[in-house]
Amino acid sequence: MKAVLDHVGIAVVDLAAALAFYRDALGLHVEGAEDVVSQRVRAHFVPVGQAALELLEPTSPESAIAKYTAKRGPGLHHITLRVDDIAAALAQLKARGVRLVDEQPRPGAEGALVAFIHPSSAHGVLVELKQTRTSAHPAPDSGLQRDLVQRFTVGDLELLSLSDGFLRLDGGSMFGVVPRPLWSAVMTPDDRNRIRLAMRPLVVRGVRTMLIDAGVGDKDGAKFQEVYGLERTHHLDHSLAEAGLAPEDIDIVLATHLHFDHAGGFTVRDRTGKVRPRFPRARYVVRRGEWEDATRPHERSRASYLADNFLPLAEAGVLELVSDDQTIMPGVRVTRTGGHTAHHQIALIESGGRQAAYVAELIPTSAHLPPAWIMGFDLFPMETLAAKKAFVQEAESRRTLIFFAHDPAVAAGVLTNVDGKTRLEPAQA
Ligand SMILES: [Zn+2]
Ligand SMILES: [Zn+2]
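Just so you know, these numbers come straight off a predicted model, no measurement behind them. (Residues numbered from 1 in each chain as written. Chains lettered and ligands numbered in written order. Predicted model: local features only at pLDDT ≥ 70, side-chain atom pairs only at ≥ 80, totals over all residues. Heavy atoms only, no water.)

*Asks:* I'm lost on the coordination of the zinc ion (ligand 2) in this one. Help?
*Replies:* Perfect tetrahedral coordination of a metal by four donors corresponds to 109.5 degrees between them, and perfect octahedral coordination by six donors corresponds to 90 or 180 degrees. With distances of 2.1 Å, the protein atoms coordinating the zinc ion (ligand 2) are Asp261 (OD), His262 (NE2), Glu361 (OE) and His406 (NE2). Around the zinc ion (ligand 2), the 4 donor atoms are arranged such that angles at the metal cover 89 to 143 degrees; this shape is classified as irregular. For the zinc ion (ligand 2), all donor residues lie on one chain, and their spacing in sequence is D-H-x98-E-x44-H. Separating the zinc ion (ligand 2) from the zinc ion (ligand 1) is a gap of 3.7 Å, which Glu361 spans by donating to each of them. Taken together, the residues Asp261 in helix α8 (residues 260-263) and Glu361 in the loop between β23 (354-358) and α11 (381-398) connect sequence positions 100 residues apart. Grouping residues by exposure puts Asp261 and Glu361 together as buried. (Donors = N, O, S within 2.8 Å, 3.2 Å for Na, K, Ca; no water. Tetrahedral: all angles 85-135°; square planar, octahedral: opposite > 155°, others 65-115°. Helix = DSSP H or I, 4+ residues; strand = E, 2+ residues; numbered from the N terminus. Buried < 20%, exposed > 50% of the residue type's maximum accessible area, 1.4 Å probe, protein only.)

Take a look at the structure:
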């Protein structure tokens, strides 16, 4: 393992006094601060040659740094070594019996991935490993994998297209009656005939903070991950942290439908093995008919509805079923499209005279814009056809900003009609 000293973390009680020493007395340059929401600290970086000092100021009494200084006062807290491949480094250490605080990397400052080694294995020093985003080895053609947050504004609302990584689904199933020579020219299949699809939940920030869909989540085993070709080295936790959001910040979770690639991230398995809601303060809004279909699946739908993704919401009392098209929070309305499932719904977002839409499986990727390019997964494809044609016509005339749930390259775009043909102009975040 090649490791380079990245920085030395110093726990601070009185930031002004610390700056008076490091900045004023030593004459060092203090860079801008960064809030690491997941750790409840504000980090002030002080470059010293190739490495840096990191002054750590707690932003909450609950923060590990606050607890540390309460016990021991201010002082040296940790050293951080930068590695190329943090997952490989952790596996190597684990194999040697090194005690790890974090067995999986988690999001740190500046979009890095970090993990701590327990001081008892590091001779009394808390050692942090870090893989910066630029030192990551992205998978071949990973495209926007590291583009964890794309920000857009619609009127008074802020829309954040997030990433829960990628999955692979059978190319034939993704395009229904469209023959392979046509779809494979648009989306290249792998050697198992699968195509690579992004999972892009959307955050809407207005009077409330809403998360629409939540990706596949972390509860599934190795076989599931292999079958669906999951690539989640960067996933929703990283994306939320990069957006400056903690799970507690989400007020409403809205489900377009309850298939595992949209609802898997609604719940987490805790240390005791119990599955619980992932967003502790959120109410979860689900269409009543979709809930009934998901909890009573049939032979054709069973593989897509995994009870652990949604039953714990009812048990925890955070489920809210809605029966009709309606406003869920100011500016966000749900409307049933059917098609993919009988009660599949999309979110129409409106503010300041502009419209955006999170279209979920109505148009999962920009390759699904032509009317007949409908997924074989859809239970009611003729309903998809009608709903898609109506939606596309309105979206063209209103210049609706369309957010895709599965497009591997484009998070959002606007439709234009050129000589009777619908075209997508990708939107710049
Ligand atoms: Zn689906
Ligand atoms: Zn899907």
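*Asks:* Would you mind going over the side chain of Thr416 with me for this structure?
*Replies:* Among the structural elements, Thr416 can be located in strand β25 (residues 412-418). By relative accessible area, Thr416 is classed as buried at 17%. The contact partners of Thr416, leaving out residues within four places of it in the chain, are Glu396, Arg399, Lys421, Thr422, Arg423 and Glu425. (Contact = heavy atoms within 4.5 Å.)

*Asks:* Hey, could you run me through the environment of Leu100 in this one?
*Replies:* By the secondary structure assignment, Leu100 is in the loop between α3 (86-95) and β6 (106-107). Judged by relative accessible area, Leu100 falls into the buried class, the value being 12%. As a C-alpha pair, Leu100 and Val13 span 87 residues in sequence and 27 Å in three-dimensional space. Those residues within four positions of Leu100 in sequence are excluded, and the remaining contacts are Leu90, Leu93, Lys94, Phe116, Ile117 and His118.

*Asks:* Even after reading the chapter, I still don't get the sheet that holds strand β3 (residues 41-48), so can you show me in this structure?
*Replies:* Strand pairs in the sheet, formed through backbone hydrogen bonds, run parallel or antiparallel to each other. Overall, mixed pairing links the 8 strands, which are arranged β2-β3-β4-β1-β5-β8-β7-β6 in an open sheet. Unpaired on one side and paired on the other, β2 (33-36) and β6 mark the two borders of the sheet. In the sheet, strand β1 (residues 4-11) pairs with strand β4 (residues 51-58) via 5 bridges, with the strands oriented parallel. Along β4, the bridge assignment pairs Val8 with Leu53. Docked against the sheet, helix α1 (residues 15-25) engages β1, β3 and β4, running at close to 160 degrees with respect to β4. Contacts from α3 reach β7 (113-117) and β8 (127-131), with the element oriented near 145 degrees to β8. (Pairing = 2+ DSSP bridges. Axes fitted to C-alpha atoms, helices over the stretch in contact; angles between N-to-C directions.)

*Asks:* What am I meant to see in the coordination of the zinc ion (ligand 1) here?
*Replies:* At 2.1 to 2.3 Å from the zinc ion (ligand 1) lie its protein donor atoms, namely His257 (NE2), His259 (ND1), His340 (NE2) and Glu361 (OE). Viewed at the metal, the 4 donor atoms of the zinc ion (ligand 1) are separated by angles of 87 to 169 degrees, and the geometry they form is irregular.

*Asks:* Before we go on, may I ask you to explain the packing of aromatic side chains in this structure?
*Replies:* Enumeration over the complete set of coordinates arrives at 10 aromatic pairs. On the basis of an interplanar angle of 85 degrees and a centroid distance of 5.2 Å, the ring pair of Phe152 and Phe403 is categorised as edge-to-face. In this pair, Phe152 sits in strand β9 (residues 149-154) while Phe403 sits in strand β24 (residues 401-403), placing the two residues 251 residues apart along the sequence. Neither residue differs from the other here; Phe152 and Phe403 are each classed as buried. For the pair Phe224 and Tyr228, a centre-to-centre distance of 4.8 Å together with 50 degrees between the ring planes defines the contact as tilted. Like Phe224, the residue Tyr228 is buried in the burial classification. Of the aromatic side chains, those joined through ring pairs into one cluster are Phe175, Trp183 and Trp373. The side chain of Arg196 reaches across the aromatic face of Phe166, ending 3.8 Å from its centre. (Phe/Tyr/Trp six-rings, centres within 6.5 Å; stacked < 30°, edge-to-face > 60°. Lys NZ or Arg CZ within 6 Å of the ring centre and 35° of its normal.)

*Asks:* Explanation requested: the sheet that holds strand β14 (residues 209-212) in the structure shown.
*Replies:* Taken in spatial order, the 7 strands make up an open sheet running β9-β10-β13-β14-β15-β18-β19, and their pairing is mixed. Each edge of the sheet is formed by a strand with only one pairing partner; in this case those strands are β9 and β19 (319-322). Each strand of the sheet is rotated relative to its neighbour by a mean of 25 degrees, with strand direction disregarded. Here strand β10 (residues 157-162) runs beside strand β13 (residues 202-205); their pairing, made up of 4 bridges, is antiparallel.

*Asks:* For this particular structure, what's the right way to read the nonpolar core?
*Replies:* For soluble globular proteins, the rule of thumb is that nonpolar side chains tend to be buried together. Core analysis: the largest hydrophobic core is formed by 27 residues, its most contacted members being Leu162, Leu211, Leu240, Leu258, Phe266, Phe279 and Tyr284. Every element with two or more residues in this core is listed here: β10, α7 (236-242), β18 (283-287) and α9 (288-295). Not counting residues up to four positions away in its chain, the partners in contact with Phe279 are Leu211, Leu236, Leu240, Pro247, Ile250, Val253, Gly265 and Tyr284. One finds Val154, Ile212, Ala356 and Ala412 within the second-largest nonpolar core, a separate group that totals 26 residues. (Core = buried A, V, L, I, M, F, W, Y, C linked by side-chain atoms within 4.5 Å.)

*Asks:* Help me out: how do you make sense of the pattern of salt bridges in this one?
*Replies:* Pairing of side chains with opposite charge becomes possible as their charged atoms draw close. For the structure shown, the criterion picks out 25 salt bridges. Its salt-bridge partner being Arg42, residue Glu57 comes within 3.8 Å of it at the nearest N-O pair. Of the two residues, Glu57 sits in strand β4 while Arg42 sits in strand β3, which places them 15 residues apart along the sequence. Through salt bridges with shared partners, a single ionic network connects Arg168, Asp190, Arg194, Arg196 and Glu231. (Salt bridge = Lys/Arg side-chain N within 4 Å of Asp/Glu carboxyl O.)

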